[in-house]
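Descriptive structure summary
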Amino acid sequence: MENVKRVFKGKYSSPAMAFGVGAILGILFFATMFGFSVVNPVNVQWILNLGGDLAQHYFGWAFFRDADWTFPFGVATNLAYPYGVPVTFMDSIPLLAIVFKILSPILPETFQYLGIFTFVSFTLQGGIAGLIISRFTKNIYIIALCSLFFILTPMIVMRSFVHTALTAHWIILLAIYILLLYKSKPVTLWRGLWVWTSLMVAAVLIHPYFLPMVMALFAIFIIQTYRRESWWKTVVRALSPVGIAVLAFGLAGGLASTDGALNKVDLDLYSLNIVSLVDPMGASAFSEGELFRDDRFGGFESNEKLNYLGLGLMLLIPVVFYIVLNTSVAAGHRIKKVVKRWASWRNISSIIVLVGLGIFSLGTTIKLSNHVLFTLPVPDVVESLWLTFRSSARMFWPIYYLIIISLLVFVIRAFKRAPYWAPVIFIIPFLVIQFTDLRLSDQFRAKKAYVASARVAHSEAGKSIIVGIKDRYCNKDHMISLSPYGYLEEFIIFAQPALACGMTMSEGYYSHGYKLKEVREFAAGEKQKIIDGTADFSKNLYLTTDGEFVSEIEGRYAVERLENWFIVKGVRDDI
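All values reported here derive from a predicted model rather than from experimental measurement.

1. Focus on unusual backbone geometry
Of all residues except glycine, most have a negative phi; of all peptide bonds, most are trans. A cis amide bond, omega 0°, links Phe71 with the succeeding residue Pro72. Position of Pro72 relative to the elements: it lies in the loop between α4 (52–66) and β1 (75–76). Along the chain, Tyr81 connects to Pro82 via a cis peptide bond; the corresponding omega equals 10°. Inspection of the secondary structure puts Pro82 in the loop between β1 and β2 (85–86). One non-glycine residue, Ser369, lies in the positive phi region at around 55°. Here Ser369 shows up in the loop between β3 (365–368) and β4 (371–375). Here Lys515, not a glycine, exhibits a phi torsion of approximately 55°, which is positive.

2. As for the state of the cysteines
Any covalent bond linking the sulfur atoms of two cysteines counts as a disulfide. Taken as a whole and assessed by the stated rule, the structure comprises 1 disulfide. Across the disulfide, Cys474 is cross-linked to Cys501 (sulfur-sulfur distance 1.9 Å). In this structure, the disulfide formed by Cys474 and Cys501 twists by about -105° around the S-S bond and is classed as left-handed. Of this pair, Cys474 sits in the loop between α21 (460–472) and β5 (478–481) while Cys501 sits in helix α22 (residues 488–501), and the two are 27 residues apart along the sequence.

3. So, the environment of Cys474
The exposure class assigned to Cys474 is partly exposed, which follows from its relative accessible area of 34%. Considered as a pair, Cys474 and Val99 are 375 residues apart in the sequence and their alpha carbons are 29 Å apart. Ignoring any residue separated from it by four or fewer positions in sequence, one finds Cys474 in contact with Ile469 and Cys501.

4. What about the sheet that holds strand β9 (residues 565–571)?
The 5 strands are arranged β6-β5-β7-β9-β8 in an open sheet whose pairing can be described as mixed. Of all the strands in the sheet, the pair left with one neighbour each is β6 (504–505) and β8 (557–562). With 2 bridges connecting them, β5 and β6 associate as parallel partners. Following the sheet pairing, His478 is matched in β6 by Thr504.

5. Let's talk about the environment of Asp53
Within the secondary structure, Asp53 is located in helix α4. Note on Asp53: relative accessible area 26%, which makes it partly exposed. For the pair Asp53 and Leu25, spaced 28 residues apart in the sequence, the C-alpha separation amounts to 28 Å. Those residues in contact with Asp53 that lie beyond four places of it in its chain are Val162, His163 and Leu488. Among the polar contacts made by the side chain of Asp53, one reaches the side chain of His163 at a distance of 3.4 Å.

6. Examining the packing of aromatic side chains
Going through the model one piece at a time under the given rule, you end up with 40 aromatic pairs. Look at Trp61 and Phe100: their rings are 6.4 Å apart centre to centre, the planes differ by 70°, and that puts the pair in the edge-to-face class. Of this pair, Trp61 sits in helix α4 while Phe100 sits in helix α5 (residues 94–102); the two residues are 39 residues apart in sequence, bridging distant segments of the chain. One aromatic cluster in this structure is built from Phe29, Phe30, Phe34, Phe36, Trp46, Phe119, Phe122 and Phe161. Over the face of the ring belonging to Phe64 we find Lys101, whose NZ or CZ atom lies 5.0 Å from the ring centre. Between the NZ or CZ atom of Lys527 and the centre of the ring of Phe549, over which it lies, the distance is 4.9 Å.

Procedures and definitions
Residues numbered from 1 in each chain as written. Predicted model: local features only at pLDDT ≥ 70, side-chain atom pairs only at ≥ 80, totals over all residues. Heavy atoms only, no water. Helix = DSSP H or I, 4+ residues; strand = E, 2+ residues; numbered from the N terminus. Disulfide = S-S within 2.5 Å. Buried < 20%, exposed > 50% of the residue type's maximum accessible area, 1.4 Å probe, protein only. Contact = heavy atoms within 4.5 Å. Pairing = 2+ DSSP bridges. Polar contact = N/O pair within 3.5 Å; in protein donor to acceptor, adjacent residues only side chain to side chain. Phe/Tyr/Trp six-rings, centres within 6.5 Å; stacked < 30°, edge-to-face > 60°. Lys NZ or Arg CZ within 6 Å of the ring centre and 35° of its normal.

Pasting the structure below:
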């Protein structure tokens, strides 16, 4: 009973309570944005209706579920036939794909986890944010209010049901929480190894972009918790988690080589802009469109640079500076002690790590809006490695959250001796502005409308192809496309009957152009077999959009047209 009274007075909150309050707020935000129908694991129609990247992610999992186990373990052998595709190249969240494939015998025949994952991401985003704030205050009201700043992150909302795996910003927050948790506590070698190894393995098997982010925070952890010890312990502590994570990624097929065409310009197009923190890119209700448009690429601008803080936090920055300045003047005799304490090798080294991460996020072209300030000259080897993470603006996310945490902690400490309600009253106006700015913005409204549109099926032409293949060609083993799909939606259309009939697919959409060259060569080889009369029509369903090729062979082969595609059925009976 005493603890209950202390909670109401803002003097007590347990970690479980802090997590629970933040998690509930995350759930409520998800519910008001998207509703709960998308969480239903047996409901996949909304995914097919939305199409796009989300459907690609779903089919990566669905085909992987039906494929035989192989080594590496995370390969869908029935896609990119006859080569197979690691599910990481379908952005299907390998961690969940492998776990649910193991559980497949007890799962419903139709099953999706993309809606569940997004729901969990918002829940954990709020819950772990609550844990972080609880390291600085026991006031449950402040914890709840501060958690909302993290839940409102525009990069998560914009990627919801598009780049599903990238909604897992809670991985970054969890790394920051671990850093804060063990910074002042002695941690044994093996506990540190277990915690960080688990986090890195989870990060890389959700999306590989999270690994360098967590690695940077892990480097700060090593710096901050370093104690004099034997050299081998330091080496093991620093390298083992990263090595095990890379090994796990390899076992899931993520280290497979790819000849995907990566252009040097990507390190400009998909990198951070110096104005990104204040450029809403449509995610502000108080500004129309973009304030700082980069029109150097013929009108196209990637959304990757979105790292908008929100108007509420932006207004909080000058207030925090005033508080810091006022506090410093009032306690001028202590400034030297504060500076001396912060100017330690640990803190300086940690700042260098963050600066390096910031440079990584800026790419090779440093730009202010559409003005190029300068270009970083880097060796070809470094540039090639950099291009592996070409959407480099994402690497700023840990710094983004550290900025938010720093602002809120300064406010919390400024009201340390004030009544519990004082910081609450102080924070509320900034939170209201933040909420209004983001939640009522065009981008947030459009995202809500986009998910709501999943209730309606869009492609009538696609339906005729799906029904036609299911009705007449479901006895085939392999769906071989002699022509590439013109756009992602065509892959989604053909994937539905292929999956329903248990057919493999030779053509598809895979990140980094995985096996693009090999798939094209295979299609050319099969095309030549048709010309030579050696094609196996008993097992293969041949598809093409090449009208000239069809004209060349239709004297010998029966051909059926489905919308803009032709199906080569086999040798004509009347010959």
